[in-house]
Amino acid sequence: MSLEQQLKDRLAQLSPTHLDVVNESSGHGGYFPGKESHFKTVIVSQAFAGLRPVQRHQKVYAAAGDLLAKDKIHALAIHAFLPEEWAGQDTTSPACAHAPKN
């Protein structure tokens, strides 16, 4: 099973009303076809109620668990929202300074 799917499965335990996991590895240095190292997640869940942003990230890290090990996911961008916060949020990722040049 791909790391992307494993991450989706793990984050499902937070009962998201919206979950988007994007493999952004191709935009980073050292990329080769099939590489899974850099991900972005947009997760909307009531599980974040009453939590500060850092606590929301900690909750996501806990759910991801060992997928964040050295030989698995190298970087995880987290956009964690309550349902009422999510509308209109820009979750665009910046370009990586080490991205492959065309």
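Per an unreviewed UniProt entry, the chain goes by the name BolA family transcriptional regulator and belongs to Acinetobacter pseudolwoffii. Within the UniProt record for the chain, the comment given under Sequence similarities (unreviewed entry) is "Belongs to the BolA/IbaG family."

Trainee: An account of the pairing of strand S2 (residues 38–44) is requested, with residue identities and associated values reported.
Mentor: With seven of its seven residues buried, S2 lies for the most part within the structure. Going residue by residue along S2, you find His38, Lys40, Val42 and Val44 tucked away on one face and Phe39, Thr41 and Ile43 tucked away on the opposite face as well. Judged from the six bridges that link them, strand S1 (residues 18–23) and S2 form a sheet pairing that is antiparallel. Its bridge partner lying in S2, valine 21 is registered against threonine 41. The pairing of S2 with strand S3 (residues 75–81) spans seven bridges and is parallel. Residue pairing for S3: histidine 38 is matched across the bridge by alanine 75. As for the winding sense of the linkage, the β-α-β connection from S2 through helix H2 (residues 53–64) to S3 is right-handed.

Trainee: Describe H2, and please don't skip the residues or the numbers.
Mentor: An α-helical turn contains 3.6 residues, so any two residues separated by three or four positions project in the same direction. A rise of 1.5 Å per residue sets the reference length of H2, with its twelve residues, at 16 Å; its end C-alpha atoms lie 17 Å apart and thus fit the reference within 8%. Restricting attention to buried positions, one finds in H2 the residues Arg56, Val60, Ala63 and Ala64. Angular distribution of buried residues about the axis of H2 spans 100°; they occupy a single face of the element. Summarising the contacts, the buried residues of H2 are in contact with helix H1 (3–11), S2, S3 and helix H3 (83–86). Downstream of H2 by a residue or two, glycine 65 has a phi angle that is positive, lying close to 55°.

Trainee: Describe H1, naming the residues involved and giving the relevant values.
Mentor: Buried within H1 are the following residues: Leu3, Leu7 and Leu11. Considered in projection along H1, the buried side chains sweep an arc of 70° and stay on one side of the axis. Buried residues along H1 sit against S1, S2, H2 and S3.

Trainee: Give me the pattern of salt bridges: which residues, what numbers.
Mentor: In this structure the tally under the stated criterion is five salt bridges. A salt bridge links glutamate 24 to lysine 40, with the shortest nitrogen-to-oxygen separation between them at 3.9 Å. One end of the pair, glutamate 24, is in the loop between S1 and S2; the other, lysine 40, is in strand S2, and 16 residues separate them in sequence. Residues glutamate 24 and lysine 40 agree in their burial class; the two are buried. For arginine 56, the salt bridge identified is with glutamate 85, shortest N-O distance 2.7 Å. Here arginine 56 is found in helix H2, whereas its partner glutamate 85 is found in helix H3, with 29 residues between them in sequence. Judged by relative accessible area, glutamate 85 falls into the partly exposed class, the value being 28%. Residues joined in a network through salt bridges with shared partners are Arg10, Asp66 and Lys72.

Rules of the game
Residues numbered from 1 in each chain as written. Predicted model: local features only at pLDDT ≥ 70, side-chain atom pairs only at ≥ 80, totals over all residues. Heavy atoms only, no water. UniProt positions renumbered as here; feature names shortened; annotations may be inferred. Buried < 20%, exposed > 50% of the residue type's maximum accessible area, 1.4 Å probe, protein only. Helix = DSSP H or I, 4+ residues; strand = E, 2+ residues; numbered from the N terminus. Pairing = 2+ DSSP bridges. Right-handed = clockwise from strand over helix to strand, strands pointing away. Expected span 1.5 Å × (residues − 1). Arc of directions from axis to C-beta. Contact = heavy atoms within 4.5 Å. Salt bridge = Lys/Arg side-chain N within 4 Å of Asp/Glu carboxyl O.

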